[in-house]
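# Coordinate inspection notes
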Amino acid sequence: MINSILTIFRKQAQQHKTIKAFYYNRSYEQGTGKETYPLLWLEDPLYGRNQDNVFINSVSFSVLFLPQSTEMISQMQNLAFSIGLNIIERIKKTPDCGISIRPDWTYTTLRNYYDDNACGCRFSINFTQVNMQNMCLIEEQFSTDKKFDAKTDLLPDFDLQKTEGCEVFAHKLPDFDIVTRK
């Protein structure tokens, strides 16, 4: 299911005449200077819940430009809004993609966004998607005979050396004194 969502948005970005790049990553990764603009950024994480065998998902994506001057920002925000709206409407009109966008989507205009001062629009949309799990294959995913391997320690044991009533941790990490203020 996750791959189908990524494929839908990647396809929209790839086929839109203005967009030059598609990214799916955490939002704090934006603005690194490695991006190609104009771009569509699908934010990780994707959110969802199951309700009566229908998934209700929420995603956020941004359409971003790199303005050459501050006078261009509102024009680029307007263009980003138009592109995002076109993407939403195109997905709505494509029934074979398997999702149905709900009418409660929102947008936010962006300026001086992250380190490279991009501008544009961020969209948050909710959509429904049928649970595509093949219920006939569920039992094939489990084994009643499976056993976990022998117990493994999560953390290594510390060697203790007792001297004169004190315990000394032989493999304790060193204590660094790093100056953080003048």
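Report follows, based on the coordinates. (Residues numbered from 1 in each chain as written. Predicted model: local features only at pLDDT ≥ 70, side-chain atom pairs only at ≥ 80, totals over all residues. Heavy atoms only, no water.)

## Here we look at the overall build of the protein
Of the regular secondary structure elements, the protein holds two helices and nine strands. N-terminal to C-terminal, the α/β element order of the protein is α-β-β-β-β-α-β-β-β-β-β. Counting only residues that meet the buried cut, the protein has 31% of its 182 residues in that class. Look at the contacts in the protein between residues 6 or more apart in sequence, and 54% of them connect residues 24 or more apart. Of the roughly 13400 Å² of accessible surface on the protein, 51% is carried by carbon and sulfur atoms. (Helix = DSSP H or I, 4+ residues; strand = E, 2+ residues; numbered from the N terminus. Buried < 20%, exposed > 50% of the residue type's maximum accessible area, 1.4 Å probe, protein only. Contact = heavy atoms within 4.5 Å. Areas by Shrake-Rupley, 256 points an atom, 1.4 Å probe, with all protein chains shown as cover.)

## Examining the pattern of salt bridges
Close approach of charged atoms allows side chains with opposite charge to pair. A full pass over the atoms with the stated rule returns two salt bridges. Glu 43 is the partner of Arg 122 in a salt bridge, and the nearest nitrogen-oxygen pair spans 2.7 Å. With Arg 122 in strand E7 (residues 118-130) and Glu 43 in strand E2 (residues 39-44), this residue pair connects regions lying 79 residues apart in the sequence. In this structure, the salt-bridge partner of Lys 92 is Glu 89, at a minimum N-O distance of 3.2 Å. (Salt bridge = Lys/Arg side-chain N within 4 Å of Asp/Glu carboxyl O.)

## Some words on the packing of helix H1 (residues 2-15) against helix H2 (residues 73-92)
Two numbers describe how H1 lies on H2: the axes approach to 11 Å, and their chain directions differ by 125°. Taken together, the axis directions place H1 and H2 in an arrangement best described as oblique. In this structure, H1 meets H2 at a crossing whose hand is right-handed. Between H1 and H2, the contacting residues are Ile 8, Phe 9, Gln 12 and Gln 15 on the first element and Ile 87, Arg 90 and Ile 91 on the second. When grouped by side-chain class, the residues that make up the contact of H1 with H2 number four nonpolar, two polar and one charged. (Axes fitted to C-alpha atoms, helices over the stretch in contact; angles between N-to-C directions. Parallel < 35°, antiparallel > 145°, perpendicular 65-115°, else oblique. Left-handed = near helix turned anticlockwise from the far one by under 90°. Nonpolar A, V, L, I, M, F, W, Y, C, P; charged D, E, K, R; others polar.)

## Comments concerning the nonpolar core
In terms of nonpolar packing, the biggest core is built from 29 residues, with Phe 9, Leu 42, Val 59, Phe 61, Ile 91 and Ile 125 touching the most fellow members. When contributions to this core are tallied by element, the ones reaching two or more residues are H1, E2, strand E4 (54-65), H2, strand E5 (99-101) and E7. Once residues lying within four places of it in the same chain are set aside, the contact partners of Val 59 are Ile 5, Phe 9, Leu 42, Leu 46, Phe 123, Ser 124, Ile 125 and Phe 127. If you look at the next biggest cluster of nonpolar residues, it comprises eight residues, including Leu 39, Leu 64, Tyr 113 and Ala 118. (Core = buried A, V, L, I, M, F, W, Y, C linked by side-chain atoms within 4.5 Å.)

## What about a nonpolar patch on the surface?
Residues Met 1, Ile 2 and Met 132 make up a contiguous nonpolar surface patch of about 260 Å² in total accessible area. With respect to the helices and strands, Ile 2 occurs in helix H1. (Patch = residues over 30% accessible without salt bridge, like charges linked within 9 Å, V, L, I, M, F, W, Y side chains within 5 Å.)

## A word on H1
Between its first and last C-alpha atoms H1 spans 20 Å; for 14 residues at 1.5 Å apiece the expected length is 20 Å, and the two agree. Inspection of H1 places Ile 5, Leu 6, Ile 8, Phe 9, Gln 12 and Ala 13 among the buried residues, and these make up the whole buried set. Down the axis of H1, the buried set is contained in an arc of 160°. They therefore lie on one face. Across from the buried face of H1, at angles greater than 90 degrees, the exposed residues are Asn 3 and Gln 14. Buried residues belonging to H1 abut strand E1 (21-26), E2, E4, H2, E5 and E7. (Expected span 1.5 Å × (residues − 1). Arc of directions from axis to C-beta.)

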